[in-house]
Amino acid sequence: MVPLSLVLMWLVLGAGLAQAADNGNSPLNSDEQAFLERAMSDNASQIALAKLAIAKSINPRVLQLATTIVQERTALNARMAQLMPNQRAAGTPMAGDDPTMDRLQALNGDAFDKTFTSALVRSHCRAISAYEAVRLNASNLSLKDLTHEAIPQLRGDLMVAIAVLRSSGWTAPAHHPEAIAAADTHAAKAAVFWEPISLVAAPW
């Protein structure tokens, strides 16, 4: 007869293995952890920029885009934090000064709106490439699922930012042709898939 203690041990181990099987996950490797840390910091920076836009802009399209960024990136960081329960709190930007934030603090009106929107276009182009690399190469299935679900949202925000940047309501004559050209190139061609040996080396 099998001792009760062994039965209980098998039940506990079996439950843990079943949960792992249900999750279909292998532990996060160092590249995947680095991606999450960088992505969460990037999200936090975007949230900070968007909150500044909400405080300073009077352009309804910019305000709507900024509000969307705050809501979506906050929710995305909460999901990412669940994959890294033992890491630092979500929503903490990387150490160091943010030159974009410093530049935006000194701007107002159309100059602020265009600089903010251009910054979103550039950051989204980089982020989408990084998320695509993880979606293809990550071994952790929860992380693959998260990036797979986040990419359409990021692409949608990129398209909105491009539309705002192209809008005809600016009083100042110059748009941001470099940012628009980069975004158009990114949107028109297939996604850039970086080297599979590193999920975080190239996109950011």
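Our structure is the block above this text.
Let me sum up the structure you'll find in this document. (Residues numbered from 1 in each chain as written. Predicted model: local features only at pLDDT ≥ 70, side-chain atom pairs only at ≥ 80, totals over all residues. Heavy atoms only, no water.)

### Topic: the overall build of the protein chain
And then number 1: Across its full length, the protein chain carries seven helices and zero strands.
And then number 2: When the elements of the protein chain are put in sequence order from the N terminus, they spell out α-α-α-α-α-α-α.
And then number 3: Put simply, the protein chain has 204 residues, and 38% of those count as buried.
And then number 4: Carbon and sulfur atoms provide 61% of the accessible area of the protein chain, an area that totals close to 10800 Å². (Helix = DSSP H or I, 4+ residues; strand = E, 2+ residues; numbered from the N terminus. Buried < 20%, exposed > 50% of the residue type's maximum accessible area, 1.4 Å probe, protein only. Areas by Shrake-Rupley, 256 points an atom, 1.4 Å probe, with all protein chains shown as cover.)

### Details of the packing of helix α2 (residues 30-56) against helix α3 (residues 60-83)
And then number 1: Orientation of α2 relative to α3, taken along the N-to-C sense of each, is 155°, at an axis distance of 8 Å. Comparing the axis directions of α2 and α3 gives the class roughly antiparallel. In the packing of α2 onto α3, the handedness of the crossing is left-handed. (Axes fitted to C-alpha atoms, helices over the stretch in contact; angles between N-to-C directions. Parallel < 35°, antiparallel > 145°, perpendicular 65-115°, else oblique. Left-handed = near helix turned anticlockwise from the far one by under 90°.)

### Section: the nonpolar core
And then number 1: Formed by 40 residues in total, the largest nonpolar core has its most connected members in F35, L36, M80, F116, V121, Y131 and L143.
And then number 2: Not counting the four nearest positions on each side in its chain, F116 is found in contact with L49, A50, A53, V62, A66 and L104. (Core = buried A, V, L, I, M, F, W, Y, C linked by side-chain atoms within 4.5 Å. Contact = heavy atoms within 4.5 Å.)

### A short note on α3
And then number 1: End to end, α3 covers 35 Å across 24 residues, agreeing with the expected 34 Å (1.5 Å per residue, within 8%).
And then number 2: What α3 keeps buried is the set V62, L65, A66, T68, I69, V70, E72, R73, L76, N77 and M80.
And then number 3: Those residues of α3 hidden inside the fold are in contact with α2, α5 (109-137) and α6 (141-166).
And then number 4: The N-capping residue of α3, defined by a side-chain oxygen 2.9 Å from the backbone nitrogen of R61, is N59. (Expected span 1.5 Å × (residues − 1). Polar contact = N/O pair within 3.5 Å; in protein donor to acceptor, adjacent residues only side chain to side chain.)

### Describing the packing of aromatic side chains
Given two aromatic rings, their pairing is described by the distance between the two centres and the angle made by the two planes.
And then number 1: Evaluated as defined, the whole model comprises two aromatic pairs.
And then number 2: Seen in terms of ring centroids, F35 and Y131 are 5.2 Å apart; in terms of plane orientation they differ by 80°. Their pairing is edge-to-face. On the criterion of sequence distance, the pair formed by F35 in helix α2 and Y131 in helix α5 is long-range, its members being 96 residues apart. Each of the two residues, F35 as well as Y131, counts as buried.
And then number 3: Between F112 and F116, the ring centres sit 6.2 Å apart and the planes meet at 10°, which makes this aromatic pair stacked. Here F112 pairs with F116, and both are found in helix α5, just four residues apart, close to one helical turn.
And then number 4: Relative accessible area serves as the criterion here: at 0%, F116 is assigned to the buried category. (Phe/Tyr/Trp six-rings, centres within 6.5 Å; stacked < 30°, edge-to-face > 60°.)

### Re the environment of L165
And then number 1: Looking at the secondary structure, you find L165 in helix α6.
And then number 2: Relative accessible area serves as the criterion here: at 0%, L165 is assigned to the buried category.
And then number 3: Along the sequence, L165 and K114 sit 51 residues apart, while their C-alpha atoms lie 6.4 Å from each other.

### Brief notes about the pattern of salt bridges
And then number 1: If you walk through the whole model with that rule in mind, you get six salt bridges.
And then number 2: The salt bridge involving D42 is made with R38; its shortest N-O contact spans 3.8 Å. Of this pair, D42 and R38 both sit in helix α2, four residues apart, which is roughly one turn of the helix.
And then number 3: Taking relative accessible area as the criterion, R38 reaches 24% and is therefore assigned partly exposed.
And then number 4: Residue R73 is joined to E72 by a salt bridge in which the shortest nitrogen-to-oxygen separation is 3.4 Å.
And then number 5: According to the relative accessible area criterion, R73 is buried, its value standing at 0%.
And then number 6: Through salt bridges with shared partners, a single network forms among E72, R73 and D157. (Salt bridge = Lys/Arg side-chain N within 4 Å of Asp/Glu carboxyl O.)

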